Amino acid sequence: MAISPVAFCVADFRISRLRTVGMVFYLVFQVILQHSLEQEEMRTFPGPLTKDDTHKVDVINFAQNKALQCSQNETLIDRESARLLWDFMVLLCRQNGTVVGTDIAELLMRDHKTVWLPGKSPNEANLIDFTNEALEQVEEESGEAQLSFLTDSLIATIDSLEKETERFRELLLYGRKKDALESAMKHGLWGHALLLASKMDSRTHARVMTRFANSLPINDPLQTVYQLMSGRMPAASTCCGDEKWGDWRPHLAMVLSNLTHNMDVELRTITTMGDTLASKGLLDAAHFCYLMAQVEFGIYLKKTAKLVLIGSNHSLPFLKFATNEAIQRTEAYEYAQSLGTQPCRLPNFQVFKFIYACRLAEMGLAAQAFHYCEVISKAVLQSPCDYSPVLISQLIQIASQLRLFDPQMKEKPEQELFVEPGWLVQLRNLDGQIKVSVFFFLNL
């Protein structure tokens, strides 16, 4: 049956009117919300972040601003670790998603001025922070007094070493190797002790090395690297985060800078360190460790998962957990990783990007929300088996409602308004195939 031209005209008029009413409503809604803090937070984020369309400078600038905000936010439990996560995103972007252990170690130790005092226990404040106050006190002392103190200490140390070395030499002259070895260890001549022990039997050599390691403070990062090189999980992995133990960052830096071929022990060490920090409420620090150990991203409903959204606790109620900032932080990580040579796939994260897209639409940022739907859809189409049919169905529904706000629609003639973009057509076909498969499965 032929359709009259009048019917076409009426249909075109109704479509135009519907589009006009929708645009008016959209503009009014934007005006109402233009001063909303949440909307402003969403506007500043350059998402959706894609390797082809997003310039990494925009992501770097956003991450740097977030890092600065973290360092100034006194309500945060661990401001340094919260900033560290954003600084890590900056580093990843600058180096196109490729970093090595020493790069991370340098990031961990940035502006970190500490020294380990040998022979001191953790209870005696083994880690000392050289703050400006301490430096000012040193400057107040006279130059002559400082020089005199340093000279006297150096002379006394040299005299003591020469005396003990002479004693070590004499014992060896009379063939008393065991006594010489004991004397060297007792007075800190570890170079002589280790060399002599290496020329004796293997049991003696192992005993001297153990005694040397035990002479170090238990929270010295040297202990961490020596234990790791021995094929053992360092004590720091289960003790870090304790105020008496000291900062966790030098220990992680030691592990990352001295990786061996024993990846199993190293990954377990870093993961356990993250578990320990998480148990002490240091979530940002824990998540940094999990990222270093390349722990897989889990789902919200699985409470045993270690990492779902970066910097957010998935044991909290969902709305407190899935904050805009947590989603933005995780998307920044996903983007930074995608810049590297290895493909970055976070299928469990796509549902949170979809939630973020819905929030954008609610805030009146419909064009940006539609762009998110496109990016998520392309990820789904690459590997459909990784995604829930519910997500695919909801994605189609929201994208269909938002597509009229796509800026590209303004350039199309009105007769093409019903023509959907290719990715949306493919998504509909995928949804149809899933429903047919489910129907046949249920009727077997």
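Preceding this section is the structure that the text describes.
The model shown is predicted, which means the values in this text are computed figures rather than measured ones.

Each value, and the rule that gives it
- Residues numbered from 1 in each chain as written.
- Predicted model: local features only at pLDDT ≥ 70, side-chain atom pairs only at ≥ 80, totals over all residues.
- Heavy atoms only, no water.
- Salt bridge = Lys/Arg side-chain N within 4 Å of Asp/Glu carboxyl O.
- Helix = DSSP H or I, 4+ residues; strand = E, 2+ residues; numbered from the N terminus.
- Buried < 20%, exposed > 50% of the residue type's maximum accessible area, 1.4 Å probe, protein only.
- Axes fitted to C-alpha atoms, helices over the stretch in contact; angles between N-to-C directions.
- Left-handed = near helix turned anticlockwise from the far one by under 90°.
- Contact = heavy atoms within 4.5 Å.
- Nonpolar A, V, L, I, M, F, W, Y, C, P; charged D, E, K, R; others polar.
- Core = buried A, V, L, I, M, F, W, Y, C linked by side-chain atoms within 4.5 Å.

J.: What should I look at first to understand the pattern of salt bridges in this one?
T.: Where charged atoms of side chains with opposite charge meet at close range, the side chains can pair. Taken as a whole and assessed by the stated rule, the structure comprises 14 salt bridges. Two residues, R345 and D386, come together in a salt bridge whose shortest N-O distance is 2.2 Å. Remark: D386 occurs in the loop between helix 19 (366-382) and helix 20 (389-402) and R345 occurs in the loop between helix 17 (324-338) and helix 18 (350-362); sequence separation between them is 41 residues. According to the relative accessible area criterion, R345 is partly exposed, its value standing at 45%.

J.: I'm lost on the packing of helix 8 (residues 177-186) against helix 9 (residues 190-198) in this one. Help?
T.: Between helix 8 and helix 9, the shortest axis-to-axis distance is 8 Å and the interhelical angle comes to 145°. Handedness of the crossing formed by helix 8 with helix 9: left-handed. In this structure, helix 8 contributes K177, A180, L181, A184 and M185 to the contact, and helix 9 contributes W190, A193, L196 and A197. Broken down by class, the residue content of the contact of helix 8 with helix 9 amounts to eight nonpolar, no polar and one charged.

J.: Just to check I follow, could you spell out the nonpolar core for this structure?
T.: In summary, soluble globular proteins display a tendency toward joint burial of nonpolar side chains. Judged by nonpolar contacts, the single largest core of 89 residues is most densely connected at W248, L252 and F288. In terms of residue count, helix 4 (residues 79-94) provides more of this core than any other element does, ten residues in total. What W248 contacts, discounting residues up to four positions off in sequence, is S81, L84, L108, C240, G241, M273, L277, A285, F288 and C289. Ranked by size, the runner-up nonpolar core spans twelve residues in total, among them L171, M185, L196 and V208.

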